Amino acid sequence: MHEMEESDRGIVAKRTANKEPSAELSERRPLPKGNPQYPTTHHAQKWARVHQGIERIREFVKRKPKEKLTTLLHHINEESLKAAYFALKRDSAPGVDKMTWKAYRADLDHRIEDLCERVHRGTFRATPSRRVNIPKPDGGTRPLGIAALEDKIVQTAMVKCILEPIYEHEFCGFSYGFRAGRSAHDALDALAYVIERRRVNCVVDADIRKFFDRVDQTWLMRFLRHRIGDERVLRLIMKFLKAGVMEDGSWRESDQGTPQGAVISPILANLYLHYVLDLWFKVQRKSQKFGGEAYIVRYADDFVVCFQYKEEAERFLQDLQIRLEKFGLCLHPDKTRLIRFGRFAERDRRKRGAGRPETFDFLGFTHYCRKTRKGKFGLGRKPIAKRMARFLKRIREQLIRRMHQPVHETGKWLGQVLNGWLNYYAVPTSTPYLKRCYARLRWIWLQVLRRRSQKDRTKWEQLNALTERYWPKPKVRHTWPDTRFTVMHASATQGRSRMR
C-alpha cells in the first residue's frame, strides 16, 4: 500500500516552525529527478517514533526537575542508530577502523542490528580516536580526535536521544555554545544588549586554558549522576572517555579530558561548565554578593562577564580562579583580562590621560566603544585584524594553486568563499572593515592573475567586471543586535530569559 512508485516524490521531514530547539534530525532532500536515492518515507516514520521517546524525556525532566532518570538505554535502539547513521557526514575522515560511511552502508541492516545488540549486552567496545594535530595561529597545535564510525553512530544516538533532551532544559539561558537552536551570533547579540542597555563599566574577558584536555572525568561522572540513574548509559559514556587515542601508531590512555572532536564532547563540556561555572555564578548573583549589576555570556569555554563596579569584578576574578582550580581548571593568563569598558570608559580614561578605551575580542570580533550619530554611547564590532589577515593569506595561497584555472571558475569560487565570510562578519558597524577586506581581496586576485605570464595585462576594468558578476556586495547582513535580541528575548525558549 505504501510502497514507492516510479512517479512518487520523496517525503521530507519538515523542521518545526516554533523557536524551541528540536533534537530531531532533519532528512536530507532527495535528488530532484527520478526515484529518491534512499526510501525517505521509511526513515521519516522511524524518526517520528524516535522523536516520541525524546519528547517523553523532555516532559519528565520538566515535570520532575530533581529526580533521576533510571531507564534510558532502550532509547538507543535500531531505529535511533540507523537515523544517527544517516545524520553523519558522508565524506568525513575515517577513524582508526578506516571504515567510511559508504562502506558501512553495505549490509547496513545487519550491521546496525549487531551494533544495537552489542550496546545492550554491554559488549560494545569504544575504539581509540585517531589523533590529528591542527596548527594554531599562535604557533601551537590543537589536538583533535577522529572517532571510528560506529563510535560516531552510538554517540550521535546518545546525544540526540538521551543527553540533549535532559540537559537542554537544565542549561542556563546565558550558555550558547554547541546548543541546538543557538549560535555564536545569539551570544554576540546578548553581549551587545547587556553592554548597551545595562549598567556596565567593567568587563572580564576570560578564557579557560586547555579546557577540553583538563576536564576531570571523575567530577564529570559525578555531575552526570545528578540526573542520570541508568548505570548502563553511564558505563557507555565512560567507555568513550577511557578509549584513549592513537598517535603515530601507539596507543595512549586518556585519564582526563574529553575527546575533542568527538560527537559527544561538546555536550559533556557544556555539562561540566554548567555545574562548575554557570550554576555557581547564578548562586553568587542570587545571594546578593554583587552590589551592582552583573551578567555573563558564555560560548563553550570562552565567556565574558560584565560588572557595574570594578571592585566586584576584581573580587569575582579572584574567586573564579579558586573555583576553577577546585575542578582541575585554570584561566589562561594571556587571554584573561579585566578592563574598563562601557559608556563611561572614554571619559574616565580621558581624565587619566590614558587615551582611547581598551578593546576585547570575543567570537571572532573585536569589541570597542564608539559614539552614535546622536553622540550617545554605542558598542562597535569589527573582525579581529589577525583573523582577517589569516583569511586573506589562505585565499592568496589557494589562488596561487588555482592560477591557471579558468578565470570565471576562480571568480565563482571566490564569490562563494566571500559569501560565507560575509554571512558571519557582516554585522552593523563593520562596513568599513568589510570594504577594506573586499578591496584587499581584489588586489590579491589581480596580482595572482598578472603572475600567470610575463605578457599578462589584466586590467582593473576586466577585474571589476568579474567581481560584479560573481562576488556579493560587502553589505551588512545582520540586524542591530539589540533589536534581534529583544525579539529572541520575548520568545525565549521554555519561557525563560536568555540572560538568566
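Just above sits the structure.
What counts and how
- Residues numbered from 1 in each chain as written.
- Predicted model: local features only at pLDDT ≥ 70, side-chain atom pairs only at ≥ 80, totals over all residues.
- Heavy atoms only, no water.
- Helix = DSSP H or I, 4+ residues; strand = E, 2+ residues; numbered from the N terminus.
- Contact = heavy atoms within 4.5 Å.
- Buried < 20%, exposed > 50% of the residue type's maximum accessible area, 1.4 Å probe, protein only.
- Pairing = 2+ DSSP bridges.
- Axes fitted to C-alpha atoms, helices over the stretch in contact; angles between N-to-C directions.
- Left-handed = near helix turned anticlockwise from the far one by under 90°.
- Nonpolar A, V, L, I, M, F, W, Y, C, P; charged D, E, K, R; others polar.
- Core = buried A, V, L, I, M, F, W, Y, C linked by side-chain atoms within 4.5 Å.
- Salt bridge = Lys/Arg side-chain N within 4 Å of Asp/Glu carboxyl O.
- Phe/Tyr/Trp six-rings, centres within 6.5 Å; stacked < 30°, edge-to-face > 60°.

*Asks:* Just checking my understanding: could you explain the side chain of Arg118 for this structure?
*Replies:* Relative to the helices and strands, Arg118 resides in helix α4 (residues 108–121). Setting aside residues up to four positions removed in sequence, Arg118 forms contacts with Thr123, Phe124 and Glu150.

*Asks:* So what exactly am I meant to see when it comes to the pairing of strand β6 (residues 294–299) here?
*Replies:* Two faces make up the sheet, and in a regular strand the side chains alternate between them. The element β6 is extensively covered by neighbouring structure, given that six of its six residues are classed as buried. Here β6 shows two buried faces, one formed by Ala294, Ile296 and Arg298 and the other by Tyr295, Val297 and Tyr299. As paired strands, β6 and strand β7 (residues 302–307) are joined by six bridges and run antiparallel to one another. By the bridge assignment, Val297 is partnered in β7 with Val304. Counting the residues in the hairpin turn of β6 and β7 gives two residues, including Ala300, whose phi is positive at 60°.

*Asks:* What is the right way to look at the packing of helix α10 (residues 265–286) against helix α11 (residues 310–326) in this model?
*Replies:* It is at 11 Å that the axes of α10 and α11 come closest, and there the two elements cross at 145°. Where α10 crosses over α11, the two elements pack in a sense that is right-handed. For the pair α10 and α11, the contacting residues are Tyr275, Val276, Leu277, Trp280 and Phe281 in the first and Phe316, Asp319, Leu320, Arg323 and Leu324 in the second. When its residues are assigned to classes, the contact of α10 with α11 shows eight nonpolar, no polar and two charged.

*Asks:* Explanation requested: the nonpolar core in the structure shown.
*Replies:* Residues Leu163, Leu224 and Ile237 are the most contacted members of the largest nonpolar core, which totals 82 residues. In contact with Ile237, not counting residues within four places along its chain, are Met158, Leu163, Met221, Leu224, Ile264 and Leu268. Residues Ala300, Cys306, Tyr425 and Trp445 belong to the second largest nonpolar core, which totals 56 residues.

*Asks:* What's the story with the environment of Lys310 in this structure? I'm lost.
*Replies:* Topologically, Lys310 is positioned in helix α11. A residue is classified by how much of its surface remains accessible, and Lys310, at 37% relative accessible area, is partly exposed. Measuring from C-alpha to C-alpha, the distance between Lys310 and Val200 comes to 9.8 Å, with 110 residues separating the pair along the chain. With near-sequence residues (within four places) excluded, Lys310 lies in contact with Cys202 and Arg340.

*Asks:* Looking at this structure, how should I read the pattern of salt bridges?
*Replies:* Taken as a whole, this structure holds 19 salt bridges when the rule is applied. Note that Glu170 is salt-bridged to Arg227, the shortest N-O span being 3.2 Å. With Glu170 in the loop between α5 (149–167) and α6 (184–197) and Arg227 in the loop between α8 (217–224) and α9 (231–241), this residue pair connects regions lying 57 residues apart in the sequence. Judged by relative accessible area, Arg227 falls into the buried class, the value being 2%. Across the pair Asp189 and Arg484 runs a salt bridge, and its minimum N-O distance is 2.5 Å. Of the two residues, Asp189 sits in helix α6 while Arg484 sits in helix α17 (residues 481–490), which places them 295 residues apart along the sequence. The class for Arg484 is partly exposed, based on a relative accessible area of 21%.

*Asks:* Sorry if this is basic, but what is going on with the packing of aromatic side chains here?
*Replies:* What describes a pair of aromatic rings is the distance from one ring centre to the other and the angle between the planes of the rings. Tallied over the entire structure, the rule returns 31 aromatic pairs. Between Phe211 and Phe212, the ring centres sit 5.3 Å apart and the planes meet at 70°, which makes this aromatic pair edge-to-face. Given a relative accessible area of 2%, Phe211 falls into the buried group. Look at Phe307 and Phe316: their rings are 5.2 Å apart centre to centre, the planes differ by 50°, and that puts the pair in the tilted class.

*Asks:* Sorry, what's going on with the sheet that holds strand β2 (residues 141–146) here?
*Replies:* In a beta sheet, neighbouring strands are held together by backbone hydrogen bonds and run either parallel or antiparallel to one another. If you trace the four strands from one edge of the open sheet to the other, you get β2-β1-β4-β5, paired in mixed fashion. For this open sheet the edge positions go to β2 and β5 (250–252), each flanked by a neighbour on one side alone. Ignoring strand direction, the axes of neighbouring strands in this sheet form an average angle of 40°. Two elements, strand β1 (residues 129–135) and strand β4 (residues 245–247), share two bridges in a ladder whose sense is parallel. From the neighbouring strand, Arg130 faces β4, where its bridge partner is Met246.

Distances and angles like these do not, on their own, reveal function.
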